[in-house]
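Residue-level listing of the chains:
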Amino acid sequence: MILWDSVSQNVVHKQLTRKQPCARWLISDIMRHHWLLLGACGWVLLILMFASKFINFPFRRPDDYGGKPKSLSATVATPGDIQLRLLDKKRTPTEGLLTGKPLPVDYEDWEAVQAGRLDRLSRLCSNDSLKNLTHTPITKFILDRIFVCDKHKILFCQTPKVGNTQWKKVLIVLNGAFSSVDKIPENVIHHHDKNGLPRLSSLNESEILKRLNSYFKFFIVRDPFERLISAFKDKFVQNPRSEPWYKHDIAPAIMRKYRRNHSEAKGLQFEDFVRYLGDPNHKRLDRQFGDHIIHWITYVELCAPCDIVYNAIGHHETLERDAPYILKAAGIDHLVSYPTIPPGITLYNKTKVEQYFSGIGKRDIQRLYARFQGDFTLFGYKKPDFLLD
């Protein structure tokens with residue numbers, strides 16, 4: 001577009017007046033086109049301004065509850081999340097991510113999700129090439145992890161750092177020790193002599209087999225690497241339950257064997273922890289640590305999912321939806337409710353995982369993944385290529 005000022009107009013007027021008899025007509029025609037172009041541009045701008053009030057352009061980022069724009073990079077959907085969202089017909093997957101509220105999924109749809117998870121487990125458990133990663137003998141150690149509710153014929157396998165405490169509260173209420181989850185004292189939940197939760201290992205062989213063959217059995221999983229971060233923070237950094245053996249016994253043993261530079265900062269570092277877990281010879285220390293290893297060993301070692309036929313598998317990332325339907329499938333939804341889950345607490349945080357692993361060598365991460373590959377594969381968690389490549 002050519003914009004005319006008063007000086008340029010006067011120059012053209014003088015030149016055309018001297019050289020052409022029709023100069024005045026030509027100037028008038030040029031000016032008319034000039035103003036028509038200006039007018040057209042003005043109308044286009046007005047239309048765009050008016051339309052922008054009613055159209056949500058795709059490059060605009062939605063706000064989180066009217067506050068600052070929410071970054072979506074830190075919350076990545078797991079396979080379980082995607083399955084549940086695809087089944088929902090009323091809301092879009094994006095809407096569920098932004099609100100943090102569970103998407104409405106009816107019971108039949110949830111059964112389809114469970115069928116998919118159990119089918120995947122069955123197929124991979126029968127894969128001989130994965131046998132070393134997926135199978136384990138059913139020992140007393142595993143039977144110690146399985147809590148029994150005879151009154152309602154339920155078995156729950158304990159997987160620490162995956163909302164395990166809340167499920168124990170549910171079973172304590174079902175066993176009749178307390179009337180509701182809100183009335184259970186914190187110091188009772190993990191005190192196995194007071195919480196009224198018998199373990200499968202406390203029964204004889206015939207009683208164990210009877211329950212394994214007829215009771216409703218379930219457990220919960222979580223992204224394996226995020227679970228390890230949670231275990232490290234809970235036991236070696238925060239230690240909210242004041243368990244001194246993690247700091248005074250276990251941490252020093254790991255540092256003596258796996259810390260490369262002993263002049264570094266005091267206290268167990270996540271890098272030391274990863275190096276210990278990824279060591280093919282970790283079992284020597286595991287035996288020394290006893291049952292405390294339950295907070296970071298694999299789901300295969302905890303619950304023997306390829307050797308015990310479970311009826312349901314919950315995912316921590318979709319727990320808001322999984323918990324109510326596990327209760328319903330077990331026939332106890334009218335008796336007890338799963339404790340309230342704080343918004344957003346179950347979402348997978350890729351940014352946190354990247355931060356914790358940022359200073360750790362690729363070789364150590366690869367060895368760690370090799371140990372937990374069975375957990376990633378059996379339960380549909382994506383291989384963390386962003387850490388391994």
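Here the structure is shown first, and the text comes after it.
Residues numbered from 1 in each chain as written. Predicted model: local features only at pLDDT ≥ 70, side-chain atom pairs only at ≥ 80, totals over all residues. Heavy atoms only, no water.

Chemist: Describe the state of the cysteines, with residues and values.
Modeler: What the rule picks out here adds up to 2 disulfides. Across a sulfur-sulfur distance of 1.8 Å, cysteine 125 and cysteine 306 are joined as a disulfide pair. Linking cysteine 125 and cysteine 306, the disulfide has an S-S dihedral of approximately -75° and is accordingly described as left-handed. A residue pair is termed long-range when its members are at least 10 positions apart, and cysteine 125 in helix 5 (residues 107-125) and cysteine 306 in the loop between helix 15 (299-303) and strand 4 (312-315) qualify at 181 residues. Residue cysteine 125 shares its accessibility class with cysteine 306, and that shared class is buried. Looking at the chain, its bonded cysteines, counted consecutively from the start of the sequence, adopt the pairing 1-4, 2-3. (Disulfide = S-S within 2.5 Å. Helix = DSSP H or I, 4+ residues; strand = E, 2+ residues; numbered from the N terminus. Buried < 20%, exposed > 50% of the residue type's maximum accessible area, 1.4 Å probe, protein only.)

Chemist: Tell me about the sheet that holds strand 4, and please be specific about residues and values.
Modeler: The mixed open sheet is built from 4 strands, whose spatial order is 1-2-3-4. Only two strands of the sheet have a single neighbouring strand rather than two, namely strand 1 (146-149) and strand 4. Put simply, the sheet's adjacent strands are angled 20° from each other on average, direction ignored. Where strand 3 (residues 216-221) meets strand 4, 4 bridges bridge the pair, whose relative direction is parallel. Considered in strand 4, the bridge of phenylalanine 218 is made with alanine 312. Taken strand by strand, helix 16 (residues 319-329) contacts strand 3 and strand 4, and its axis lies near 160° from that of strand 4. (Pairing = 2+ DSSP bridges. Axes fitted to C-alpha atoms, helices over the stretch in contact; angles between N-to-C directions. Contact = heavy atoms within 4.5 Å.)

Chemist: I'd like to hear about the environment of glycine 278, residue by residue, with values.
Modeler: When you line up the elements, glycine 278 lands in helix 13 (residues 270-278). For glycine 278, a relative accessible area of 8% puts it in the buried group. Excluding residues within four positions of it along the chain, glycine 278 makes contact with Arg367 and Leu368.

Chemist: If you had to explain the environment of glycine 331 to someone new, which residues and values would you point to?
Modeler: One can find glycine 331 in the loop between helix 16 and helix 17 (350-357). Sequence spacing of glycine 331 and lysine 153 is 178 residues, and the spatial spacing of their C-alpha atoms is 9.7 Å.

Chemist: I'd like a rundown of the pattern of salt bridges, residues and numbers included.
Modeler: Where charged atoms from two side chains of opposite charge approach closely, those side chains can pair. Per the counting criterion, the structure on display carries 17 salt bridges. Close ionic contact of glutamate 243 with lysine 235 constitutes a salt bridge, the shortest N to O distance being 2.8 Å. Taking relative accessible area as the criterion, glutamate 243 reaches 8% and is therefore assigned buried. When its relative accessible area of 2% is taken as the criterion, lysine 235 is described as buried. For aspartate 272, the salt bridge goes to arginine 259, with nearest N and O atoms at 2.6 Å. (Salt bridge = Lys/Arg side-chain N within 4 Å of Asp/Glu carboxyl O.)

Chemist: Explain unusual backbone geometry to me, and be specific about the residues and the numbers.
Modeler: Trans is the common state for peptide bonds, and a negative phi is the common state for residues other than glycine. The phi dihedral of lysine 161 falls on the positive side, at around 75°, and the residue is not glycine. Residue placement: lysine 161 occurs in the loop between strand 2 (154-157) and helix 8 (164-174). Not every positive phi belongs to a glycine, and asparagine 239 is a case in point at roughly 45°. The residue asparagine 239 is located in the loop between helix 11 (224-238) and helix 12 (244-258) in this model. Residue classification places asparagine 239 among the buried positions, given a relative accessible area of 15%.

Chemist: An account of the packing of aromatic side chains is needed here, citing residue identities and associated values.
Modeler: Throughout the structure, instances matching the rule amount to 28 aromatic pairs. A ring pair is formed by phenylalanine 232 and phenylalanine 236, whose centres lie 6.0 Å apart and whose planes are at 35°; its orientation type is tilted. Of this pair, phenylalanine 232 and phenylalanine 236 both sit in helix 11, 4 residues apart, which is roughly one turn of the helix. Here phenylalanine 232 matches phenylalanine 236 in class, with each residue buried. Ring plane angle 50° and centroid distance 6.0 Å describe the contact between tyrosine 258 and tyrosine 276, whose orientation is recorded as tilted. Here tyrosine 258 is found in helix 12, whereas its partner tyrosine 276 is found in helix 13, with 18 residues between them in sequence. One exposure class covers both tyrosine 258 and tyrosine 276, and it is buried. Taking NZ or CZ as reference, arginine 145 lies 4.8 Å from the ring centre of phenylalanine 141, over its face. Taking the ring centre of phenylalanine 386 as reference, the NZ or CZ of lysine 350 above it sits at 4.8 Å. (Phe/Tyr/Trp six-rings, centres within 6.5 Å; stacked < 30°, edge-to-face > 60°. Lys NZ or Arg CZ within 6 Å of the ring centre and 35° of its normal.)

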